[in-house]
Amino acid sequence: EAQVTQNPRYLITVTGKKLTVTCSQNMNHEYMSWYRQDPGLGLRQIYYSMNVEVTDKGDVPEGYKVSRKEKRNFPLILESPSPNQTSLYFCASSLLSRAGGHNEQFFGPGTRLTVL
Amino acid sequence: GENVEQHPSTLSVQEGDSAVIKCTYSDSASNYFPWYKQELGKRPQLIIDIRSNVGEKKDQRIAVTLNKTAKHFSLHITETQPEDSAVYFCAASKGDAGGTSYGKLTFGQGTILTVHP
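The structure displayed is predicted, hence computed values, not measured ones.

A. Molecular detail of the state of the cysteines. All names here are of chain A. Per the stated rule, a full pass over the model turns up 2 disulfides over all chains. In this model, C23 is linked to C91 through a disulfide, with the two sulfur atoms separated by 1.8 Å. As the torsion about the S-S bond is roughly -70°, the C23-C91 disulfide counts as left-handed. Within this pair, whereas C23 is found in strand β3 (residues 19–25), its partner C91 is found in strand β9 (residues 87–94), the two being separated by 68 residues in sequence.

B. Examining the sheet that holds strand β7 (residues 62–67) of chain B more closely. Residue and element names in this part refer to chain B. Pairing is antiparallel across the open sheet formed by 5 strands, whose spatial order is β1-β3-β8-β7-β6. Bordering the open sheet on either side are β1 (4–7) and β6 (56–59), each of which pairs with just one other strand. Strand-to-strand, the axes of this sheet are offset by a mean angle of 15°, without reference to chain direction. Sheet topology places β6 next to β7; 4 bridges connect them, and they run antiparallel. Residue K57 lies in a different strand from β7, and its bridge partner there is V64.

C. Quick look at the interface of chain A and chain B. Each partner contributes residues to the interface: chain A has 27 residues there, and chain B has 23 residues. Considering only the surface of chain A that becomes buried against chain B, A:L43, A:H102 and A:F107 emerge as the three largest contributors, covering 29% of it. The interface formed by chain A and chain B includes 1 salt bridge. Between A:D59 and B:K104 there is a salt bridge, with its nearest N and O atoms 3.5 Å apart. On the surface where chain A and chain B come into contact, there are 5 residue pairs in polar contact (both at pLDDT 80 or more). Only β4 (31–38), β5 (42–51), β6 (54–57), β10 (96–97) and β11 (101–102) of chain A provide two or more residues apiece to the side of chain A that touches chain B.

D. How the structure looks around the layout of surface pockets. A volume near 650 Å³ is recorded for the largest pocket. Lining the largest pocket are 31 residues; nearest its centre among them are A:Q37, A:L88, A:R112, B:Q38 and B:L40. In terms of residue count, strand β13 (residues 111–115) of chain A provides more of the lining of the largest pocket than any other element does, 4 residues in total. Split by residue class, the lining of the largest pocket holds 12 nonpolar, 13 polar and 6 charged. The computed volume of the second largest pocket comes to approximately 360 Å³. Residue lining of the second largest pocket: 20 residues in total, with A:F106, A:F107, B:R43, B:P44 and B:Q45 positioned closest to the centre. Elements that contribute at least two residues to the lining of the second largest pocket include exactly β12 (106–107) of chain A together with β5 (45–51) of chain B. Ranked by the residues each element gives to the lining of the second largest pocket, the list is headed by β5(B), at 3 residues. Considering only residue class, the lining of the second largest pocket consists of 9 nonpolar, 4 polar and 7 charged.

E. Just the sheet that holds strand β7 (residues 65–66) of chain A, in detail. Residues and elements named next belong to chain A. In spatial order, the strands read β1-β3-β8-β7; together these 4 strands make up an open sheet with antiparallel pairing. Two strands in the sheet have a free side with no partner beyond their single neighbour: β1 (4–7) and β7. Bridge count for β3 against strand β8 (residues 76–78) is 3 bridges, and the pairing is antiparallel. The residue of β8 that forms the bridge with L19 is L78.

F. Representation of the environment of A:G110. Residues and elements named next belong to chain A. Within the element layout of this structure, G110 appears in the loop between β12 and β13. The class of G110 is buried, set by a relative accessible area of 3%. A C-alpha to C-alpha distance of 14 Å links G110 and I12, two positions 98 residues apart in sequence. In contact with G110, other than residues within four places in its own chain, are Q6, R9, L88, Y89 and F90.

The rules behind each value
- The residue numbers shown here count from 1 along each chain, following its written sequence.
- Whichever chain is written first is A, and whichever ligand is written first is 1; the rest continue in order.
- It should be noted that, the model being predicted, local features are given only for residues of pLDDT at least 70 and side-chain atom pairs only at 80 or more, the latter also being counted only at that level, while totals for whole chains, interfaces and linings use all residues.
- Side-chain numbers here rest on the full set of heavy atoms in the structure, without hydrogens or water.
- Disulfides are defined as pairs of cysteine sulfur atoms found within 2.5 Å of each other.
- Numbered from the N terminus, helices here are DSSP runs of H or I no shorter than four residues, and strands are runs of E no shorter than two.
- In short, DSSP must find at least two bridges between two strands for them to pair.
- Each axis is a line fitted through C-alpha atoms, taken for helices only over the stretch in contact, and angles between the N-to-C directions span 0 to 180 degrees.
- Every residue pair with non-hydrogen atoms within 4.5 Å of one another is taken to be in contact.
- The term buried area means the drop in 1.4 Å probe accessible area that two parts suffer when joined, counted for both and summed.
- Salt bridge, as used here, is a side-chain nitrogen of Lys or Arg placed within 4 Å of a carboxyl oxygen of Asp or Glu.
- Polar contact is the term for a pair of N or O atoms within 3.5 Å; when the atoms are in protein, one must be able to donate a hydrogen and the other to accept it, and sequence-neighboring residues count only if both atoms are side-chain atoms.
- Note on definitions: the grid is 1 Å and covers protein atoms alone; a cavity is a set of points where a 1.4 Å probe fits but cannot get out; a pocket is an open set with protein on both sides within 12 Å along at least five of seven lines; lining residues have an atom within 4 Å of a point.
- Grid points are joined across faces, edges and corners, and a volume is the space filled by probe spheres set on the points.
- Asp, Glu, Lys and Arg are counted as charged, while Ala, Val, Leu, Ile, Met, Phe, Trp, Tyr, Cys and Pro are counted as nonpolar; the rest, among them Gly, fall into the polar class.
- In this scheme, a residue with accessible area under 20% of its type's maximum is buried, one over 50% is exposed, and one in between is partly exposed, where area comes from a 1.4 Å probe on protein chains only.

Next up, the structure:
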């Protein structure tokens, strides 16, 4: 089954304790991206990757790191989480259109993170 | 960078009525405009998208219109049903392979649509 998976789905942690949220897709998509969703703010892009070893900042990258060593995986790393990073996080992937840039993004199930 | 404004933030309609959600964008170079639907507790899913070389696109009860001159696009849902109740997000991005923001996708703030039976 074609899908995007994220782990963990729920995480409660404390300020300053490093954590990683994994994201994996089995659709051979070049493009992967991380978003955070907060009430009233919609989906805000954290980082994206156009292909292996190519990553770039979205609109809210502060406090986050990513890596893209393999095409299928795009982990999100919080080196020193803070309470303002409490949010719902979505990973997404898509094929890139050679003609017009983006195509449909397929989202993972989400990870609800609470930082105390 | 790109800024996408979405209105209204909440919309309540009676079953069978039409619903319209509007978005404006700031970057005239944006050329891809998707709409995502997110049901309660679920992930966003694409319902329709439009590229800047067309002005309107329809898929059954859903249509999207694009006005490049005014930099706004709208989602139209006709004959609404209770299962249309969800949060709807618009988004905008550039597709120019030579642009530095090629990979960015900017979302609106979302519209909570409630369809009353």
